[in-house]
Amino acid sequence: MTAPPDALWLQWLLGALQAGQAALLQVLHAVGLVPTLHGQPAWPWASRLAGDTLLFDLGQARRLALTLGLLVLALLVAAVGLLWRRRRVWLLAVAGLLPLLAPWPQWEAVRVAATPASFHVSPTGFHADTIVRGHQLYRQLCVDCHGADGRGHGPLAAQQTVWPPNLAGPLLWRRADGDLFWHVLHGMRDARSGQPSMPAFADRLSADDAWALIDAMKALAAGQMLRQTGQWLQPVRLPVFAVRCAGASGRTSSTALQGQRLRVIAPGAGPLPTPDPRVVTVALAPASSTPDVPRPEAADCQALQPDAWRALALIAGDTDNPDALAATQFIVDREGWLRARATPGAADWQEDDLVCRAASDPAPSVAASVTRLPAADGLGSLIARMDAEPVRYVKGGLVH
């Protein structure tokens, strides 16, 4: 269950919680009060503030928002009081009274257990080659417990102290990336028995390996969601990969194309679709040397890394057969989110191809504007729907 799509104040609140704590950590690190761990500041406390519960308890979210607002107001009033000598006593008294009037939330609703890596940020950028490398590590280390599809039904799952969690659900999106990183390296224990529920891999994985493994698990989970529900129920970014574009002198990164709508194509046996000025067409480099999949020359940009094909095959659910991705198309919005997928043989884009969508229908005015488009302009309808329903995502909280 997600928060209402129009609850932008909740998104701002979740973002403020994350940004405020991250800023505090950077300040503490700058003055030497916290150590460095794997190249990033280590969180010094056993708990932190998070918005997971607030998504399901809007009453507590409102109380927290009002409390934070009153605290900010108290600081402003106190600052004015220190500068305005004539009214200093009164203003400082008001500043001291405001926190007492605040509707403080229940701290159990916003406080969660933390790890020293809770605020670590992945350095990979969700790159295609790290996804592919991480998937190889997943096959070596994780399949026996979590299964090839990540759903927790591996051959050794029943022998574990606690049954392995389903990685193909929203778990990886709800947990902080830094906490996932910590648990991969240092393992987990059952809260009730204290027995190890997941082994530590710090003796077999480097920090870079752990981040690559997390990228691969997210790609695998996205693909399994798509296979089972027909949608990406959690937002997924286009993996980063090297490209060469027409008119450019050299190679660049796919991130340089952000701000434009992309049509990413895995070339099949037939010709590429007709160029469309509303999208930049990016052709993937085949993952194998299949003779009936020619390298296209008509695309606006061409991927230079076969790993881009393999990574998108994993995100599309083609885990065991990357070549099945041939003739599949994706639409990527201006912010870099994968929004739509057209399967091989599709004549034109349809609304059902929008596989990353809002939880509710668009507003009537938006719906009317979409339906006024010509029926034959399927791509135009998708673009209008995407623009009307942008992805709003905050780690630890989701409005999608």
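Conventions adopted
Residues numbered from 1 in each chain as written. Predicted model: local features only at pLDDT ≥ 70, side-chain atom pairs only at ≥ 80, totals over all residues. Heavy atoms only, no water. Helix = DSSP H or I, 4+ residues; strand = E, 2+ residues; numbered from the N terminus. Buried < 20%, exposed > 50% of the residue type's maximum accessible area, 1.4 Å probe, protein only. Contact = heavy atoms within 4.5 Å. Areas by Shrake-Rupley, 256 points an atom, 1.4 Å probe, with all protein chains shown as cover. Pairing = 2+ DSSP bridges. Axes fitted to C-alpha atoms, helices over the stretch in contact; angles between N-to-C directions. Left-handed = near helix turned anticlockwise from the far one by under 90°. Expected span 1.5 Å × (residues − 1). Arc of directions from axis to C-beta. Disulfide = S-S within 2.5 Å. Salt bridge = Lys/Arg side-chain N within 4 Å of Asp/Glu carboxyl O.

K.L.:
Could you give an account of the overall build of the chain, naming the residues involved and the relevant values?
P.N.:
Of regular secondary structure, the chain possesses eleven helices and 15 strands. In the chain, which comprises 400 residues, the proportion classed as buried is 46%. When contacts within the chain are restricted to residue pairs at least 6 apart in sequence, those whose partners lie at least 24 apart make up 63%. Taken as a whole, the chain presents about 19,800 Å² of accessible surface, with 58% of it coming from carbon and sulfur.

K.L.:
Run through the sheet that holds strand β12 (residues 329-332), naming residues and quoting values.
P.N.:
The strand order across the open sheet formed by seven strands is β8-β7-β11-β10-β9-β12-β13, and the pairing between neighbours is mixed. Sheet topology places β8 (251-253) and β13 (338-342) at the edges, where each strand pairs with a single neighbour. Averaged over neighbouring strand pairs, the angle between their axes works out to 30° when direction is ignored. In the sheet, strand β9 (residues 262-265) pairs with β12 via four bridges, with the strands oriented antiparallel. Within the sheet, the bridge partner assigned to Val 264 lies in β12 and is Phe 330.

K.L.:
Any details on the packing of helix α1 (residues 8-30) against helix α2 (residues 58-83)? Residues and values, ideally.
P.N.:
Put simply, α1 and α2 touch, their axes get as near as 11 Å, and they point 65° apart. When you trace α1 past α2, the crossing you get is left-handed. Residues Trp 9, Leu 10, Leu 13 and Leu 17 of α1 pack against Leu 58, Ala 61, Arg 62, Leu 64, Ala 65 and Leu 68 of α2.

K.L.:
Got a sec to walk through helix α3 (residues 88-101)? Specific residues and values, please.
P.N.:
With 14 residues, α3 ought to run about 20 Å at 1.5 Å a step, and its terminal C-alpha atoms sit 20 Å apart, in line with that. All of the buried residues in α3 are Leu 91, Ala 95 and Leu 98. Angularly, the buried residues of α3 cover 60° about the axis, an arc narrow enough to put them on a single face. The exposed residues of α3 that point more than 90 degrees off its buried face are Val 89, Trp 90, Leu 100 and Leu 101. Elements in contact with the buried residues of α3: α2.

K.L.:
How would you sum up the pairing of β9? Please name residues and give values.
P.N.:
Taking every second residue as pointing to the same face, both faces of β9 are buried, with Leu 262 and Val 264 on one and Arg 263 and Ile 265 on the other. Here four bridges tie β9 to strand β10 (residues 280-283), and the two strands are oriented parallel to one another. Within β10, the position partnered with Leu 262 by the bridge is Val 280.

K.L.:
If you had to explain α2 to someone new, which residues and values would you point to?
P.N.:
With 26 residues, α2 should reach 38 Å at 1.5 Å per residue; the first-to-last C-alpha distance of 38 Å fits that figure. Inspection of α2 places Gln 60, Ala 61, Leu 64, Thr 67, Ala 74, Val 77, Ala 78 and Gly 81 among the buried residues, and these make up the whole buried set. In this structure, the buried residues of α2 make contact with α1 and α3.

K.L.:
Help me get a handle on the state of the cysteines, residues and values and all.
P.N.:
The full count for this structure, using the stated rule, is one disulfide. With its sulfur 2.1 Å from that of its partner, Cys 245 forms a disulfide with Cys 301. Disulfide Cys 245-Cys 301: the torsion about the S-S bond is 105°, which places it as right-handed. In this pair, Cys 245 is assigned in strand β7 (residues 242-245) and Cys 301 in strand β11 (residues 301-303), connecting sequence segments 56 residues apart. Across the pair, exposure class does not vary: Cys 245 and Cys 301 are buried alike. The thiol sulfur of Cys 145 is not disulfide-bonded, and the nearest other cysteine sulfur, from Cys 142, lies at 8.4 Å.

K.L.:
Hey, could you go over the pairing of β12 for me, with residue numbers and the actual values?
P.N.:
Every second residue of β12 is oriented toward a common face, with Gln 329 and Ile 331 on one face and Phe 330 and Val 332 on the other, all of them buried. Direction of pairing for β12 relative to β13: antiparallel, over a ladder of four bridges. Of the residues in β13, the one forming a bridge with Gln 329 is Ala 342. Once β12 ends, the chain turns through five residues before running back antiparallel as β13, passing Gly 336 with a positive phi of about 95°.

K.L.:
Tell me what's going on with the pattern of salt bridges, and back it up with residues and numbers.
P.N.:
Using the criterion set out here, one finds twelve salt bridges in the structure. Arg 278 is paired through a salt bridge with Asp 276; the nearest N and O atoms lie 2.8 Å apart. Overall, Asp 276 belongs to the buried group, its relative accessible area being 17%. Between Asp 333 and Arg 339 there is a salt bridge, with the nearest N and O atoms lying 3.4 Å from each other. Both residues of the pair, Asp 333 and Arg 339, count as buried. Among the ionic contacts, a cluster of salt bridges with common partners joins Asp 276, Arg 278 and Asp 377.

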